[in-house]
Amino acid sequence: VDTDGKAEFVKKGGLPIGLLPDAKHQTFEMTLKYGERLYIYSDSVTRAYSEDSATIYPTKLLECVEKAHHNSMEDALEVIFGNAEQNAQTVVNRDDLSMVGVELN
């Protein structure tokens, strides 16, 4: 999320961590500017924001992140994660919900 609150997905990565014991994982570097945020979350958060529980990059998640951007990190996480928990009640393949936020300030 940039300093103006514009959110976008980082479309890099590979297999989920812990899925396969011998999996090789990609690494990459990102540079955050002061005031930018990075949210890292489990796939169940993605499913909770997906209309069909299968969308990899749900726009509803971006919209929620952008709306919460001007809150403190703690409050933003509460809003984003709280909505995920509420939405997850209707997800058939419910799994653990995990999320962490990183902000450079």
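See the structure printed just above.
Here the residue numbers are simple positions, counted from 1 along each chain's written sequence. In view of the model being predicted, local features appear only for residues whose pLDDT reaches at least 70, and side-chain atom pairs are presented and counted only at 80 or more, with totals across whole chains, interfaces and linings using the full set of residues. The side-chain quantities take in all heavy atoms of the structure and omit both hydrogens and water.

**Student:** Summarise the overall build of the protein chain; cite the residues concerned and give the values.
**Tutor:** Secondary structure counts use DSSP, requiring at least four H or I residues in a row for a helix and at least two E residues in a row for a strand, with both numbered from the N terminus. What the protein chain contains, in helices and strands, is 3 helices and 2 strands. Along the chain direction, N to C, the helices and strands of the protein chain fall in the order β-α-α-α-β. Atoms considered for the radius of gyration are the C-alpha atoms alone. The globule rule reads 2.2 Å times the number of residues to the power 0.38. Against the globule reference of 13 Å for 105 residues, the protein chain gives a C-alpha radius of gyration of 14 Å, in line with a compact fold. Over its C-alpha atoms, taken along the principal directions, the protein chain stretches across nearly 35 × 35 × 20 Å. Counting every position in the protein chain, which comprises 105 residues, the buried fraction comes to 30%. Contact between two residues is taken to exist if any of their heavy atoms lie within 4.5 Å; hydrogens are not considered. In the protein chain, once contacts between residues fewer than 6 apart in sequence are set aside, the share between residues at least 24 apart is 67%. Note that accessible areas follow from Shrake-Rupley with a 1.4 Å probe, and for residues the cover is restricted to the protein chains shown. Summing over all exposed atoms, the protein chain offers an accessible surface of approximately 7,500 Å²; the carbon and sulfur share of this is 50%. Each residue's exposure class comes from its accessible area (1.4 Å probe, protein chains only) as a fraction of the maximum for that residue type: buried when under 20%, exposed when over 50%, partly exposed otherwise.

**Student:** Quick one: what's the story with the side chain of Ser50, residue by residue and with numbers?
**Tutor:** Positionally, Ser50 belongs in the loop between helix H1 (43–49) and helix H2 (59–68). Judged by its relative accessible area of 9%, Ser50 falls in the buried class. Of the polar contacts made by the side chain of Ser50, one reaches the backbone oxygen of Thr46; its length is 2.7 Å. When near neighbours in sequence (up to four residues on either side) are disregarded, Ser50 contacts Thr55 and Pro58. Pairing of N or O atoms within 3.5 Å defines a polar contact, subject to two protein rules: one partner must be a possible hydrogen donor and the other a possible acceptor, and residues neighboring in sequence count only if both atoms are side-chain atoms.

**Student:** Break down the side chain of His69 for me, with residues and values.
**Tutor:** Along the chain, His69 falls in the loop between H2 and helix H3 (73–88). Exposure remark for His69: the relative accessible area of 7% places this residue in the buried category. Apart from the residues within four sequence positions on either side, His69 is in contact with Val1, Asp2, Thr3, Asp4, Gly5, Gly35 and Arg37.

**Student:** Break down the environment of Ala88 for me, citing the residues and quoting the values.
**Tutor:** Inspection of the secondary structure puts Ala88 in helix H3. Distance from Ala88 to Ser50, taken between C-alpha atoms, is 9.9 Å for residues 38 residues apart in sequence.

**Student:** Can you lay out the packing of aromatic side chains for me, pointing to particular residues and giving the numbers?
**Tutor:** Put simply, two rings from Phe, Tyr or Trp (the six-membered ring, in Trp's case) pair if the centres are within 6.5 Å, and we call them stacked under 30 degrees between planes, edge-to-face over 60, tilted for the rest. One pass over the full model with this rule turns up 1 aromatic pair. It is Lys11 that lies over the ring of Tyr57; its NZ or CZ is 4.7 Å from the centre. Placement of a positive charge over a ring is assigned whenever Lys NZ or Arg CZ falls within 6 Å of the ring centre and within 35 degrees of the normal to the ring plane.

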